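Geometric and topological summary
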Amino acid sequence: MNLTGRVAVITGGAGGIGAALARRFAAEGAAALILADLDGGAAEAVAATVGPLASGVAVDVTDEEQVRALVAETERRYGQIDVFCANAGVSTGGGVEVDNAGWDRAWQVNVLSHVYAARAVLPAMLARGSGYLLHTCSAAGVLTAVGDAPYTTTKHAAVGFAEWLSVTYRDQGLRVSALCPQGVDTPMLATGLAAGHLGAQVIAASGAVLSPDEVAAAAVAGMAEERFLILPHPEVADYARRRAEDPDGWQSGLRKLVRRLRAAGHEPPPPSPPPPSP
Ligand SMILES: NC(=O)c1ccc[n+]([C@@H]2O[C@H](COP(=O)([O-])OP(=O)(O)OC[C@H]3O[C@@H](n4cnc5c(N)ncnc54)[C@H](O)[C@@H]3O)[C@@H](O)[C@H]2O)c1
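Before going into details, it helps to say that this report is about the structure given with it. Keep in mind that what you see is a predicted model, and the values were worked out from it rather than measured.

Here we take up the pattern of salt bridges. Inspection of the entire model under this criterion finds 11 salt bridges. The partner of Arg24 in a salt bridge is Glu28, and the shortest N-O contact between them spans 3.2 Å.

Set out below in structure tokens:
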């Protein structure tokens, strides 16, 4: 899909990859861009830098009513939504010890919000036989994010849902891409590093951190080819192939990394026992 003249909604548009997508879509000639974010003020500020075609709005993507209202209002104002970018995401860091509220938040933002968006936009897209869903997942959704179990689990689910949508609706005109970058220099990575999250440290140490603008350029190139899997870090394709061909060998390599991290003092906290049943 070519972005010229398109109306696009971008969740998580207040910064990082979402803001870069907005800048890039504008440069490609998009007609209107709606940046939706929990932080509506920051989304408006980004929109102001993108230009008069962009607007910012406060939306919590984990609230289905708010997602429905965002879609309905955009369709009312601009006639249709050509592209919906389900890009908002969260990373908690940690493993099984992350409390249920943390797991639930990851599930709500990284997975269920994509379901709410698809439910809201599909009727009009399928009725006209065209529409594009760009789901920002992660390389963690095709590999494993060492040090971040909720992120790995929910991003795998996000890739699975995107693939299901693509398999089910492509013949009816829907296009779906799963954008799966590895490290990207955004507030999410900076916050993870500041909090001492192991996953963020591994990513930063890998030396493979792209700028949000590079990721947005890869997204637009992948969308132009209507490719399902968009991998801004090309090496991820090779990792995924090696993982598929030899899962045990692949895990053995990752375990070496985990052993090195443990030797350097990064021991994951022991899991706490489950609460007693009532
Ligand atoms: N930074 C990385 O290294 C990296 C790598 C792979 C994938 N990703 C994914 O890219 C996407 C964008 O992340 P980013 O790196 O730009 O981080 P970011 O923290 O800069 O952006 C995430 C945005 O999502 C918004 N958000 C969070 N919860 C929300 C909610 N409930 N409703 C609405 N908005 C909400 C935040 O306010 C924030 O503006 C995420 O899905 C993330 O998982 C990031």
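Next up on the list: the environment of Asn2. For Asn2, the position within the fold is in the segment before β1 (7–11). Residues Asn2 and Ala244, spaced 242 residues apart in sequence, show a C-alpha to C-alpha distance of 32 Å. A distance of 2.7 Å separates a polar atom in the side chain of Asn2 from a polar atom in the side chain of Thr4.

Okay, the environment of Val46 next. If you trace the backbone, Val46 turns up in helix α2 (residues 40–50). Distance from Val46 to Ala221, taken between C-alpha atoms, is 23 Å for residues 175 residues apart in sequence.

In terms of burial, strand β2 (residues 32–37) is a largely internal element, six of the six residues being buried. Burial along β2 is two-sided: Ala32, Ile34 and Ala36 and Leu33, Leu35 and Asp37, pointing in opposite directions, are all buried. Between the parallel pair β1 and β2, the chain is carried across by helix α1 (residues 16–27), and the sense of this crossover is right-handed. Where β2 and strand β3 (residues 54–58) come together, five bridges link them in parallel fashion. Paired with Asp37 across the two strands is Ala58, which belongs to β3. Considered for its hand, the β-α-β crossover made up of β2, α2 and β3 is right-handed.

Lining the immediate surroundings of the ligand are 26 residues, of which Ile17, Asp37, Asn87, Tyr151 and Thr186 lie closest. Residue Asn87 places a main-chain N or O atom 2.8 Å away from an oxygen atom belonging to the ligand. Bound to the protein, the ligand loses 90% of the 820 Å² it would expose on its own. Contributions of two or more residues to the shell around the ligand are made by α1, α5 (149–169) and α6 (187–194). Here the shell around the ligand is composed, by residue class, of 13 nonpolar, 10 polar and three charged.

Basis of the calculations
Residues numbered from 1 in each chain as written. Predicted model: local features only at pLDDT ≥ 70, side-chain atom pairs only at ≥ 80, totals over all residues. Heavy atoms only, no water. Salt bridge = Lys/Arg side-chain N within 4 Å of Asp/Glu carboxyl O. Helix = DSSP H or I, 4+ residues; strand = E, 2+ residues; numbered from the N terminus. Polar contact = N/O pair within 3.5 Å; in protein donor to acceptor, adjacent residues only side chain to side chain. Buried < 20%, exposed > 50% of the residue type's maximum accessible area, 1.4 Å probe, protein only. Right-handed = clockwise from strand over helix to strand, strands pointing away. Pairing = 2+ DSSP bridges. Near = heavy atom within 4 Å. Areas by Shrake-Rupley, 256 points an atom, 1.4 Å probe, with all protein chains shown as cover. Nonpolar A, V, L, I, M, F, W, Y, C, P; charged D, E, K, R; others polar.

Purely geometric stuff here, so don't read any function into it on its own.
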